[in-house]
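Overview (structure and organization)
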Amino acid sequence: MGLLILGIDTSCDDTSVSVVDVEKERFTVVSNIVSSQAEVHKKFGGIVPEIASRKHIEVILPLFMQALDDANIRIDDIDVISVCKGPGLIGSLIVGCSFAKSISYVKKIPLVSVNHLEGHLFSSFPVEKVEFPFLGLIVSGGHTTIVRVDAPLRYRELGKTRDDAAGEAFDKVAKLLGLGYPGGPVIDELSKKGDREKFRFTRPYLPDTFDFSFSGLKTAVLNLVKSMDSDDLKENIPDIVASFQSTVIDVLLKKVQWALKKEGLKRLMVSGGVAANSELRNRFKELSEEMDIELHIPPPRYCTDNAVMISVAGYFYYREKMFSGIDLNPVAYLSLS
Ligand code: KG4
Ligand code: ZN
């Protein structure tokens, strides 16, 4: 057994606890538990922060015990605790950070804290070797960010969303079509039956910047929906969502292509919940072949929020001896650079 890192993520509506074994910079997942609150928030059509915090409190201890059980270890076997300190919902983050600090204090286990986005950037490390530098595209419910990663802890943000994140746009479009929450997986499935050329939405490319903007696209879908009667709408839902999904992917592809060229990079990591999308995965694979670049997209279970990525990112802080103390406070807004 190498270095055992306990990972904890409670940044949004998933409570995740993992144990990762690190040996010679190779990451082996020993246990990985993700408890989704999607069912709870579904009836509200989105996340209710107060409820999310309370749910984290209810499940964090049993999940931690289960993670140790699954790994067949005891708490004293843990060498390092890595916790996500932000960005995210502050009430949710407080639960994970307080829990991590308590165990660290009582059991005298070193504590490190990481940015949730760093986690996404390292989310495919347990399944494949990734060299540096690389361009990272993080597409999740809260973020759409392009970042240059020169080494662990050395990041330069090139662009991010100015309004809705890509995943947020999926969730909002699903909501306005009455498709439930979260919207990404439903739209992904329905789009397979739809015609992505049927409705031509304007591509929000925003010239001369790596920033994104998806709120206008959401409004364009809303206006289209309002212009249809209910029978028309029912019939067209697969085509609407397929056209919407392709629009988002076209923009992501174009920006990434520009960024790779401008930065002279030949390696790309795409991660975050939206990277679980099947059309996105196929089209990025095509792009990588066209541009002859090395592409890394984690398997879907590591695209969406998980604590494995928090364990992995935490290793690099441990390696640099950048520890956190009992005074660690989570932060709702936290950038990478
Ligand atoms: O990374 P993640 O689990 O949480 C955040 O850090 O935000 O991402 C969640 C987002 C949600 O907006 C969800 O709708 C989206 O990822 N998502 C997808 C798919 N699976 C999850 N979007 C498109 N296609 C999917 N298959
Ligand atoms: Zn995330």
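Residues numbered from 1 in each chain as written. Chains lettered and ligands numbered in written order. Predicted model: local features only at pLDDT ≥ 70, side-chain atom pairs only at ≥ 80, totals over all residues. Heavy atoms only, no water.

**What about the site of ligand 1?**
Rule in force here: We call a residue near a molecule or strand as soon as one heavy atom of that residue lies within 4 Å of the molecule or strand. For the purposes of these results, a polar contact is taken to be a pair of N or O atoms within 3.5 Å, where, inside protein, one atom must be able to donate a hydrogen and its partner to accept one; residues adjacent in sequence count only when each atom of the pair is a side-chain atom. The accessible surface values rely on the Shrake-Rupley method and a 1.4 Å probe; as for residues, cover is taken only from the protein chains in view. Comment: elements are numbered from the N terminus, with helices defined as DSSP H or I runs of at least four residues and strands as E runs of at least two.
Every one of the 21 residues lining ligand 1 counts as a neighbour, but Gly141, Asp171, Gly184, Asp188 and Asp305 are closest to it. A distance of 2.7 Å separates an oxygen atom of ligand 1 from a polar atom in the side chain of aspartate 171. Within the backbone of aspartate 305, one N or O atom sits 2.9 Å away from an oxygen atom of ligand 1. Relative to its free-state accessible area of 550 Å², ligand 1 is covered by the protein chains to the extent of 90%. Elements with a contribution of two residues or more to the shell around ligand 1: helix H4 (116-121), helix H5 (166-176) and helix H6 (183-191). Among the elements that make up the shell around ligand 1, the one with the highest residue count is H6 (four residues).

**A look at the pattern of salt bridges**
Charged atoms that come close allow side chains of opposite charge to pair. The condition is simple: A side-chain nitrogen of Lys or Arg and a carboxyl oxygen of Asp or Glu constitute a salt bridge if their distance falls within 4 Å. For every residue, the accessible area (1.4 Å probe, protein chains only) is compared with the maximum for its type, and the residue is labelled buried under 20%, exposed over 50%, or partly exposed between those bounds.
A complete count under the given rule lists 22 salt bridges for this structure. For aspartate 76, the salt bridge identified is with lysine 107, shortest N-O distance 3.5 Å. Note that aspartate 76 is positioned in the loop between helix H2 (49-71) and strand S4 (80-86) and lysine 107 in helix H3 (residues 90-107), a separation of 31 residues in sequence. Overall, aspartate 76 belongs to the partly exposed group, its relative accessible area being 45%.

**Focus: the packing of H5 against H6**
Spelled out, the test is: Under this scheme, a helix contributes an axis fitted over its contacting stretch, all axes are lines through C-alpha atoms, and angles between N-to-C directions fall in the 0 to 180 degree range. The labels follow the angle: roughly parallel below 35 degrees, roughly antiparallel above 145, roughly perpendicular from 65 to 115, and oblique for the rest. By definition in these notes, contact holds between two residues if any of their heavy atoms fall within 4.5 Å. Amino acids outside the nonpolar list (Ala, Val, Leu, Ile, Met, Phe, Trp, Tyr, Cys, Pro) and the charged list (Asp, Glu, Lys, Arg) are all regarded as polar, and Gly is one of them.
The interhelical angle for the contact between H5 and H6, taken along N-to-C directions, is 75 degrees, at an axis separation of 8 Å. Taken together, the axes of H5 and H6 lie roughly perpendicular to each other. When H5 is examined against H6, the residues Phe170, Asp171, Val173 and Ala174 are found in contact with a partner set consisting of Gly183, Gly184 and Ile187. Each residue belonging to the contact of H5 with H6 can be placed in one class, and the counts come to four nonpolar, two polar and one charged.

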